[in-house]
Amino acid sequence: MVAVTEICLGIESTAHTLGIGIVENGKILSNARDMYRSPAGEGIIPRKAADHHADVFDSVLQQSLQQAGVSLRDIDLFAFSRGPGIGQCLRVSCTGAKFLAGKYDKPILGVNHCHAHLEVSRGLLGFTDPLYVYVSGANTQLITENKKSEKGQLSTPRFLVLGETLDMGLGNLFDVFAREAKIHPAHGGEVARLAEKGKYFPLPYTVKGMNFAFAGLLTSAVRAVGKHSNEDICHSLMETSFAELCEAAERALCLFSKKEVTVCGGVAQNKRFCEMLDEVCKGQGAKFGVAAPEFNADNGAMIAYTALSEWKKGKREKMDDLKPDGYWRIDQVN
Ligand code: FE2
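Residues numbered from 1 in each chain as written. Predicted model: local features only at pLDDT ≥ 70, side-chain atom pairs only at ≥ 80, totals over all residues. Heavy atoms only, no water.

Trainee: Teacher, can you tell me more about the pattern of salt bridges here?
Mentor: If the charged atoms of two oppositely charged side chains come close together, the side chains can form a pair. Taken as a whole and assessed by the stated rule, the structure comprises 14 salt bridges. Between E317 and K315 there is a salt bridge; the shortest N-O distance is 3.9 Å. Look at E317 and you get partly exposed, because its relative accessible area is 25%. Several salt bridges converge on common partners, so that one network encompasses E145, R158, E310 and K313. (Salt bridge = Lys/Arg side-chain N within 4 Å of Asp/Glu carboxyl O. Buried < 20%, exposed > 50% of the residue type's maximum accessible area, 1.4 Å probe, protein only.)

Rendered as structure tokens:
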């Protein structure tokens, strides 16, 4: 009798979060996680974040197994986020997954973190071929999957980046502004909360073809501190950067005749951005969707979900070939 691979345990540790999720045939059984929180005014220090992930690994693993109601012996496939991300943090999920796969003599797959954000959103929304608006701390890209490449008809990349940030990610824009403006906690969520109470004033708007840039916007927003209220600056910063992305997304939607759009990644949890993208979709006759917040934050379930989906498409990897890759772009995924 041939063993059927049905249950996958996925480990995520590309940046501030150690997440472990378990998925059975597309059904998410658990999604436990623990986030490294840096002291006020400090960004992520790689060594400290990696130490955090190693320290909480066993408790997050036990929590995940308990939530799912399975034991490690029930896991058919182990998976981990192989990149992109912070090198020292990536080592934790890689080492953990290799140890578990070796101990229980089970197969292992390395998953691209960006691919996992895309795939879990597409799958949970029931979409087939969406335009992906991928927005997180480090990444801001418009992506489409090349279905012809999947069928072996083209040698072009499987995922095409149609447009992307030329400098910083959208999430970093908000986090850096919050730190510079001494907003506590210095996080995009707090910028969004203040933005709800603000009024708009013009800030630099930079769209270059299908790409966008945020450095000039950040500089102007920081210079406005003390001259405008923090509420007004946060509001204008968010409206301007979201509008840049909506403009490029609308162009991509028209050029590629897409009928579905999903936003994924940490910043996808922003309600105002979702409203703006929904408006763009209505104007173009496309369907808009966003997965639940827990699947847009960094999490282990998306790694397990994507690994299982790739395994069922025939993907196989050798443990010794799997090494973390901090710079693994989505358009390098096969
Ligand atoms: Fe992420």
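Trainee: Would you mind showing me how to read the domain arrangement of the protein here?
Mentor: The accessible area lost on association of the parts is a frequent measure of interface size. Segmentation of the protein into domains returns domain 1 (7–116 + 295–332) and domain 2 (129–293). Taking the mean C-alpha position of each, domain 1 and domain 2 sit 26 Å from one another. Between domain 1 and domain 2, the contact holds 15 residues from the first and 22 residues from the second. Overall, the association of domain 1 and domain 2 removes approximately 1,400 Å² of surface from exposure, summing both partners, and the carbon and sulfur fraction of that is 51%. (Domains from an automatic or database assignment. Contact = heavy atoms within 4.5 Å. Buried area = accessible area lost by both parts, 1.4 Å probe.)

Trainee: I'm lost on the sheet that holds strand β5 (residues 108–112) in this one. Help?
Mentor: Strand pairing in a sheet takes place through backbone hydrogen bonds and is either antiparallel or parallel in direction. Read across the open sheet, the five strands follow the order β3-β2-β1-β4-β5; overall the sheet is mixed. Pairing within the sheet leaves two strands with one partner each, and these edge strands are β3 (27–35) and β5. On average, each strand axis in the sheet is tilted by 20° relative to the strand beside it, whichever way the strands run. Relative to β3, strand β2 (residues 17–24) runs antiparallel, the two being bridged by eight bridges. Counted as the bridge partner of E24 is K27 from β3. The strands touched by helix α1 (residues 46–68) within the sheet are β1 (7–12), β2 and β3, with β3 carrying the most contacts at an inclination of about 155°. (Pairing = 2+ DSSP bridges. Helix = DSSP H or I, 4+ residues; strand = E, 2+ residues; numbered from the N terminus. Axes fitted to C-alpha atoms, helices over the stretch in contact; angles between N-to-C directions.)

Trainee: Explain the nonpolar core here, please?
Mentor: If you look at the biggest cluster of nonpolar residues, it comprises 49 residues, and the most contacted ones within it are V133, L170, L173, F174, F177, V263 and F273. Listed by contribution, the elements that provide at least two residues to this core are β6 (131–135), α5 (170–180), α6 (188–195), α7 (215–223), α8 (230–255), β11 (260–264) and α9 (271–284). In terms of residue count, α8 provides more of this core than any other element does, eleven residues in total. In this structure, F174 is in contact with G188, V191, L237, M238, S241, F242 and V267, ignoring residues within four places of it in sequence. Formed by 28 residues, the second largest nonpolar core is a distinct cluster that contains V70, F78, L100 and L322. (Core = buried A, V, L, I, M, F, W, Y, C linked by side-chain atoms within 4.5 Å.)

Trainee: For this particular structure, what's the right way to read the environment of D175?
Mentor: Relative to the helices and strands, D175 resides in helix α5. In this structure, D175 is in contact with A186, H187 and G188, ignoring residues within four places of it in sequence.

Trainee: Would you mind going over the coordination of the iron ion with me for this structure?
Mentor: Donor atoms from the polypeptide that coordinate the iron ion comprise H113 (NE2), H117 (NE2) and D298 (OD), at 2.1 to 2.2 Å from the metal. Counting gaps between the donor residues of the iron ion yields the pattern H-x3-H-x180-D. With H113 and H117 both in helix α3 (residues 113–125) and four residues apart, this pair spans about one turn of that helix. When sorted by exposure, H113 lands in the same class as H117, which is buried. (Donors = N, O, S within 2.8 Å, 3.2 Å for Na, K, Ca; no water.)

Trainee: I keep staring at the environment of M276 and nothing clicks. Help me out?
Mentor: If you trace the backbone, M276 turns up in helix α9. Each C-alpha atom of the pair M276 and A186 lies 24 Å from the other, and the pair is 90 residues apart in sequence. Among residues more than four places away in sequence, those in contact with M276 are E239, F242, A243 and C246.

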